[in-house]
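Residue-level structural notes
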Amino acid sequence: MHNISRRKFIKSSIVALSASAVGAVNLNGDEKPNNEIKWDQEFDVLIVGSGLSANVAGIVAAEGGLKTVLLEKMSRAGGNSIISQLDFACVGSDIQKKEGIKDSVELFIKDLNNAGKGFNDVAQSRRIAENSKRAYEFMKARGVKYADKLKHLGGHSVARSLETIGGGGACLQTLNAHFETKGGSIFKRVKADEILKDTEGRVIGLKVREEYKFDKSLKDDDKENTSGVVKYYKANKAVIFASGGYSADKEFKFIQNPRLSLATTPSNPGATAGALKTMLKAKATPVQLSLARYSFGIPTEDLIFSIIVNGKTSKRFMNEDGDRQTLSNNILENMQNTDTTLFPVIIFDDTGFNQSHDINRLKNFLNLGKMKKFDTIEALANDFKLDVNVLKSEIERYNGFISKKSDDDFKKDFTKKMVSSIQKAPFYAILAAPGVSYTQGGVRVNLNFEVLDLQTNEPIKNLYAVGEATGGVHGFSRLTSCSVPDCITSAMIAGEFILKS
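Residues numbered from 1 in each chain as written. Predicted model: local features only at pLDDT ≥ 70, side-chain atom pairs only at ≥ 80, totals over all residues. Heavy atoms only, no water.

We now examine the overall build of the chain. Within the chain, the regular secondary structure consists of 15 helices and 18 strands. Taking 501 residues into account, the globule formula puts the C-alpha radius of gyration at 23 Å, and the chain, at 26 Å, falls close to it. Taking the principal axes of its C-alpha atoms as reference, the chain extends roughly 85 × 65 × 35 Å. Relative to all contacts within the chain whose residues are 6 or more apart in sequence, the contacts with residues 24 or more apart total 73%. (Helix = DSSP H or I, 4+ residues; strand = E, 2+ residues; numbered from the N terminus. Rg over C-alpha atoms; globule rule 2.2 N^0.38 Å. Contact = heavy atoms within 4.5 Å.)

Turning next to the sheet that holds strand β13 (residues 372–374). Taken in spatial order, the four strands of this open sheet run β11-β12-β14-β13, and their pairing is antiparallel. Strands at the two margins of the open sheet, each flanked by one partner only, are β11 (307–309) and β13. This sheet shows a mean twist of 25° between the axes of neighbouring strands, independent of strand direction. Relative to strand β14 (residues 427–431), strand β12 (residues 345–348) is paired through four bridges, and the arrangement is antiparallel. Across the sheet, F348 pairs through a bridge with Y428, a residue of β14. (Pairing = 2+ DSSP bridges. Axes fitted to C-alpha atoms, helices over the stretch in contact; angles between N-to-C directions.)

Take the UniProt feature "domain: FAD-dependent oxidoreductase 2 FAD-binding" (unreviewed entry) in the chain next. As recorded in UniProt, the feature "domain: FAD-dependent oxidoreductase 2 FAD-binding" (unreviewed entry) lies at residues 44–484. The annotated region residues 44–484 carries 31% helix and 19% strand content, and the separation between its end C-alpha atoms amounts to 26 Å. (UniProt positions renumbered as here; feature names shortened; annotations may be inferred.)

On to the pattern of salt bridges. Within the structure shown, the criterion is met by 26 salt bridges. One salt bridge in this structure joins D486 and R127, with 2.9 Å as the shortest N-O distance. On the criterion of sequence distance, the pair formed by D486 in helix α15 (residues 483–500) and R127 in helix α5 (residues 122–141) is long-range, its members being 359 residues apart. Among the residues examined, D486 registers a relative accessible area of 1% and is labelled buried. By sharing partners, the salt bridges in this structure join K73, K191, D193, R209 and D222 into a single network. (Salt bridge = Lys/Arg side-chain N within 4 Å of Asp/Glu carboxyl O. Buried < 20%, exposed > 50% of the residue type's maximum accessible area, 1.4 Å probe, protein only.)

Moving on, we get to the confidence of the model for the chain. Per-residue confidence for the chain gives a mean pLDDT of 92, with 93% of residues at or over 70. Confidence drops under a pLDDT of 50 for residues 1–31, and excluding neighbours within four residues, the segment shows 42 contacts in the predicted structure. (pLDDT = per-residue confidence, 0-100.)

Okay, the side chain of K197 next. Residue position: K197 is located in strand β6 (residues 191–197). One buried charge, K197, has no salt-bridge partner; the nearest side chain with opposite charge is D453, at 5.1 Å. Of note is the side chain of K197, whose polar atom sits 2.7 Å from the backbone oxygen of A282. (Lys, Arg positive; Asp, Glu negative; His and termini not counted. Polar contact = N/O pair within 3.5 Å; in protein donor to acceptor, adjacent residues only side chain to side chain.)

This part covers the side chain of N225. Relative to the helices and strands, N225 resides in the loop between α7 (221–224) and β8 (229–241). The exposure class of N225 is buried, given its relative accessible area of 8%. One polar contact links N225 to D221, side chain to side chain, over a distance of 2.7 Å. Residues in contact with N225, not counting those within four places in the same chain, are R209, Y212, K213, F214, D215, L218 and D220.

Another aspect to go through is the pairing of strand β1 (residues 41–48). Of all the eight residues making up β1, six are buried; the element is thus mostly covered by neighbouring parts of the structure. Note that β1 and strand β2 (residues 68–72) share four bridges and pair parallel. From the neighbouring strand, V48 faces β2, where its bridge partner is L71. Regarding topology, helix α2 (residues 52–63) serves as the crossover connection from β1 to the parallel β2, and that connection is right-handed. (Right-handed = clockwise from strand over helix to strand, strands pointing away.)

With that settled, consider the environment of V443. As for its placement among the helices and strands, V443 is situated in strand β16 (residues 442–443). Of the residues examined, V443 reaches a relative accessible area of 0% and is grouped as buried. Once residues lying within four places of it in the same chain are set aside, the contact partners of V443 are L276, M279, L280, A284, T285, V287, V451, A465, A469, T470 and G471.

Before going further, it helps to examine the packing of aromatic side chains. If you walk through the whole model with that rule in mind, you get twelve aromatic pairs. Between Y398 and F414 the ring centres are 5.7 Å apart and the planes differ by 80°, which places this aromatic pair in the edge-to-face class. Taken together, the residues Y398 in helix α14 (residues 388–403) and F414 in the loop between α14 and β14 connect sequence positions 16 residues apart. Judged by its relative accessible area of 7%, F414 is buried. A cation over a ring is seen here: R142 above F138, with NZ or CZ 3.8 Å from the ring centre. (Phe/Tyr/Trp six-rings, centres within 6.5 Å; stacked < 30°, edge-to-face > 60°. Lys NZ or Arg CZ within 6 Å of the ring centre and 35° of its normal.)

So, about the packing of helix α4 (residues 105–116) against α5. Think of two packed helices as two axes; the pair is described by the angle between the axes and how far apart they sit. Where α4 contacts α5, the two axes come as close as 9 Å, and the packing angle between them is 135°. Judged by the inter-axis angle, α4 sits oblique to α5. As for the relative orientation of α4 and α5, their crossing is right-handed in sense. Contacts between α4 and α5 involve V105, E106, F108, I109, L112 and N113 on the former and, on the latter, V122, S125, R126, I128, A129, E130 and S132. Here the residues of the contact of α4 with α5 sort into seven nonpolar, three polar and three charged. (Parallel < 35°, antiparallel > 145°, perpendicular 65-115°, else oblique. Left-handed = near helix turned anticlockwise from the far one by under 90°. Nonpolar A, V, L, I, M, F, W, Y, C, P; charged D, E, K, R; others polar.)

Core analysis: the biggest nonpolar cluster contains 76 residues, and L52, V56, F88, M139, L206, F241 and I488 have the highest contact counts within it. Contacts of I488, omitting those with residues within four sequence positions, involve L52, V56, F88, A135 and M139. Counting 47 residues, the second-largest nonpolar core is a separate cluster that includes I304, L332, L362 and I430. (Core = buried A, V, L, I, M, F, W, Y, C linked by side-chain atoms within 4.5 Å.)

What follows covers the pairing of β12. Along β12, one buried face is formed by V345 and I347 and the opposite face, lined by I346 and F348, is buried too. As judged from the three bridges shared by β11 and β12, these two strands associate in the antiparallel manner. Bridge pairing in β12 links I308 to I346.

On to the domain arrangement of the chain, then. When the domains of the chain are assigned, the result is domain 1 (41–295 + 436–500) and domain 2 (297–433). When each unit is reduced to the centre of its C-alpha atoms, the spacing between domain 1 and domain 2 is 36 Å. The partner domain 2 presents twelve residues to the twelve residues of domain 1 that form the contact. Of the roughly 1,200 Å² buried at the junction of domain 1 and domain 2 (both faces included), carbon and sulfur atoms supply 53%. Sorting the residues of domain 1 by area buried against domain 2 places R259, L262 and Y294 first, and these three jointly supply 59% of that buried surface. A breakdown of the residues in the side of domain 1 that touches domain 2 according to their chemical character gives six nonpolar, four polar and two charged. (Domains from an automatic or database assignment. Buried area = accessible area lost by both parts, 1.4 Å probe.)

Here it is as structure tokens:
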């Protein structure tokens, strides 16, 4: 018989006992009795993330007198929120009333559900719509400023989207300053590695790494990066994951949906699946991880005036008219079918270019070098490495369809918006590069934003998720400017529920 140390014997004996006799333990795999853990820091509420939803949840908790901290793994706080415009869809704002716009909660819900296409949780749609005005008043009361004119964005029946003055940068700076005046703190370069539970499955804290240094050169930072010092943070009331999505995690996106990995992303490089995996390890329920919302640099409304050709074959392959989800899916599907990573090329002639609903935006693309201007089709084809003979043939065929007002190939409606042929120089071209800016997948929550257990479908006590960390809320596609009311209202409701618990 091997000699066993007294410490190992005691530990083995404890593990063998029934859960009721053990006291608090970490149920996620290390079987370490919690009474052996020396808590390095103790809080009432631990919030993973530092973007919009994290700050709102933190403010609610801190204003309620709870000792609250935001944990940000990056060296800069704000996540994707800080680089967003933060357009904010809201029903019943003072600006809507001033402009005489007739809107309703039911109409907003209808628009949300139309975008969701039956994939979305309709109860969550109602939650967003019913609480959007309350969220707007919450933000204004804490110093966030909004422009005095509304935007009527795609997918919305009426103008209801508020413009956040200064965008995400100004908004997050204002919220964070308010949060800190209420006693809240932000810890940067702290990565949440593990959710700690007691024997009853109640979340009691987090295992983290301080002094963590994100390494964007790694294929999988969450798996390969070992930097930092392990610490244990206790949470007396709640752990909230306001950690956003995984739009920058190319490997995880490929596993869920190979098509997503072909797309670019404008997201913060820290938008990986690490936080999601941490929740899944704690038995959270995953929802719709293969879905994503696409961004498109160029206004998709203007693509009806263009011709789009495959970057490898130089051939037209799709109807250029449609919403961003349909257009992006068609583009990525075609890239898969033709086995290429080359993005297609969008081509306008002078007439089409000047029909743009946002000509200044296109001119800005020219100034930035994203869009290029050419005197001839030959010069354009040479620059984008297209087969000039194939391209000319495709343009000639397209122009013929316009002349007879019938797109025999892809059924484009040439009666809409006075679509013109591609023939008047100069010509303009830009890559058709869909980007994944938002992931609809995440963990399943109830209407209090308690995370639901995969096996029991019951709340995991003291564990919450808000904003983009949740899954199934928006469904097939998140409606434009609806991430903001989702983030704010989910964080408000979660914080209020914790205060009452």
